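Descriptive analysis of the structure
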Amino acid sequence: MTIDPRYKYYAISAVSLAIISFSIYFLLGGTKEYEVQESGAVSYDIVGTPFKGRYVADSARMIFEDIRSKIINEDWKGDLVELTYPPEDGDEINQFFGVLLTGRVTQIEGNYQLKKLRAPGSLTVNLSMHWLVRPSREKIQTMIFDYAQERGIALEDFFMQLYLPDNSVTIEAFVK
């Protein structure tokens, strides 16, 4: 029995593609492990803007870019954060885009709000892989809820996503 040369070509191509795909996945950090970590009391000051509306709305992106420009232009010192609350309506999202301040703010100009987050503790997951191979926010939130439920920890009903300058993301839930 002879094997058609086309099938050898297809097999070699498939194996090569699989090797290249895994190599890219590995280089982007797809194999890095992540776990839920407990931390002590937190005290955060966040300046930003709330958003309620449809997820596909351009206004959410515009708010996000406005806050990001405040960091880039060094109007505010800190890291970009996104607070995600449970939706009040099925099609709408409830978020707060802001800057987790590293210094003190004495005056807030414009339509921005100061939000003070205080909690006796938090659960965090640090994701240092590239965004293309990063697990979804929903997967991480479920992982945090499961961890809290196993240990009997009561959590607030919102999450904070912290975008760090090195392109890593920290997702944090707060203890009640």
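Preceding this paragraph is the structure being described.
Residues numbered from 1 in each chain as written. Predicted model: local features only at pLDDT ≥ 70, side-chain atom pairs only at ≥ 80, totals over all residues. Heavy atoms only, no water.

Concerning the overall build of the protein
How we decide: Helix and strand definitions follow DSSP, with helices as H or I runs of at least four residues and strands as E runs of at least two, each counted in order from the N terminus. Computation of the radius of gyration draws on C-alpha atoms, with the globule rule given as 2.2 Å multiplied by the number of residues to the power 0.38. Only protein chains enter the accessibility calculation, which uses a 1.4 Å probe; a residue is then buried when its area is under 20% of its type maximum, exposed when over 50%, and partly exposed in between. Residue contacts are counted whenever heavy atoms from the two residues lie within 4.5 Å of one another. Note that accessible areas follow from Shrake-Rupley with a 1.4 Å probe, and for residues the cover is restricted to the protein chains shown. All tallies of charge rest on Lys and Arg as positive and Asp and Glu as negative; His and the ends of each chain are not included. For this purpose, a charge sits on NZ of Lys, CZ of Arg, CG of Asp or CD of Glu.
For the protein, the count of helices and strands is 3 helices and 8 strands. Across the protein, helices and strands are ordered from the amino to the carboxyl terminus as α-β-β-α-β-β-β-β-α-β-β. For the protein, the C-alpha radius of gyration of 21 Å lies well beyond 16 Å, the compact-globule estimate for 176 residues. Sorting the 176 residues of the protein into buried and exposed places 37% on the buried side. A fraction of 69% describes how many contacts in the protein between residues 6 or more apart in sequence connect residues 24 or more apart. Accessible area for the protein stands at about 11,500 Å²; split by element, carbon and sulfur atoms hold 54% of it. Here the protein carries 18 positive and 24 negative side-chain charges, and the mean point of each set is 3 Å from the other.

Considering the nonpolar core
The tendency in soluble globular proteins is for nonpolar side chains to be buried as a group. So the rule is basically this: We define a nonpolar core as any set of buried Ala, Val, Leu, Ile, Met, Phe, Trp, Tyr and Cys residues linked to one another through side-chain atoms lying within 4.5 Å.
Within the largest apolar cluster, 16 residues are counted, with the highest numbers of intra-cluster contacts made by Leu-123, Ile-144, Leu-155 and Ile-171. Mapped by element, the contributors of at least two residues to this core are strand E6 (122-127), helix H3 (137-151), strand E7 (155-163) and strand E8 (169-175).

Structural notes on the packing of aromatic side chains
Put simply, the test is: Each pair of aromatic rings taken from Phe, Tyr and Trp, with Trp reduced to its six-membered ring, is defined by centres within 6.5 Å and is described as stacked if the planes are under 30 degrees apart, edge-to-face if over 60, and tilted in the remaining cases. Think of it as a cone above the ring: NZ of Lys or CZ of Arg counts as a charge over the ring if it is within 6 Å of the ring centre and within 35 degrees of the ring normal.
Enumeration over the complete set of coordinates arrives at 10 aromatic pairs. Measuring from ring centre to ring centre gives 5.1 Å for Tyr-85 and Phe-158, while their planes differ by 35 degrees; the resulting arrangement is tilted. Separated by 73 residues along the polypeptide, Tyr-85 in strand E3 (residues 78-85) and Phe-158 in strand E7 bring together distant segments of the chain. Residue Phe-158 is classed as buried on the basis of its relative accessible area of 9%. Pairwise contacts between aromatic rings join Tyr-44, Tyr-85, Phe-158 and Phe-174 into one cluster. Positioned over the ring face of Phe-96 is Lys-115, at 5.0 Å from the centre of the ring. Lying over the aromatic face of Tyr-147, Arg-151 brings its terminal NZ or CZ to 3.7 Å of the ring centre.

What about unusual backbone geometry?
Notably, Asn-167 is not glycine yet its phi reads approximately 70 degrees, a positive angle. Assignment of secondary structure puts Asn-167 in the loop between E7 and E8. For Asn-167, a relative accessible area of 60% puts it in the exposed group.

Here we look at H3
Because an α-helix packs 3.6 residues into every turn, residues spaced three or four apart end up facing the same way. Let me state the cut-off plainly: A helix is expected to reach a length of 1.5 Å times the quantity of its residues less one.
The end-to-end C-alpha separation of H3 is 21 Å, in line with the 21 Å expected for 15 residues at 1.5 Å each. Looking at the buried residues of H3, the elements they touch are strand E1 (37-39), E3, strand E4 (92-101), E6, E7 and E8. Downstream of H3 by one or two residues, Gly-152 has phi in the positive range, about 70 degrees.

Notes on the side chain of Thr-49
Its place among the elements puts Thr-49 in strand E2 (residues 42-54). Every residue in contact with Thr-49, bar those within four places of it in the chain, is listed here: Ile-63, Ile-67, Gln-95, Phe-96, Phe-97, Asn-111 and Tyr-112.

What to know about the environment of Pro-120
With respect to the helices, strands and loops of the structure, Pro-120 is situated in the loop between strand E5 (113-119) and E6. Between the alpha carbons of Pro-120 and Ser-39 there is a distance of 9.0 Å; along the sequence they are 81 residues apart. In this structure, Pro-120 is in contact with Gly-40, Ala-41, Val-175 and Lys-176, ignoring residues within four places of it in sequence.

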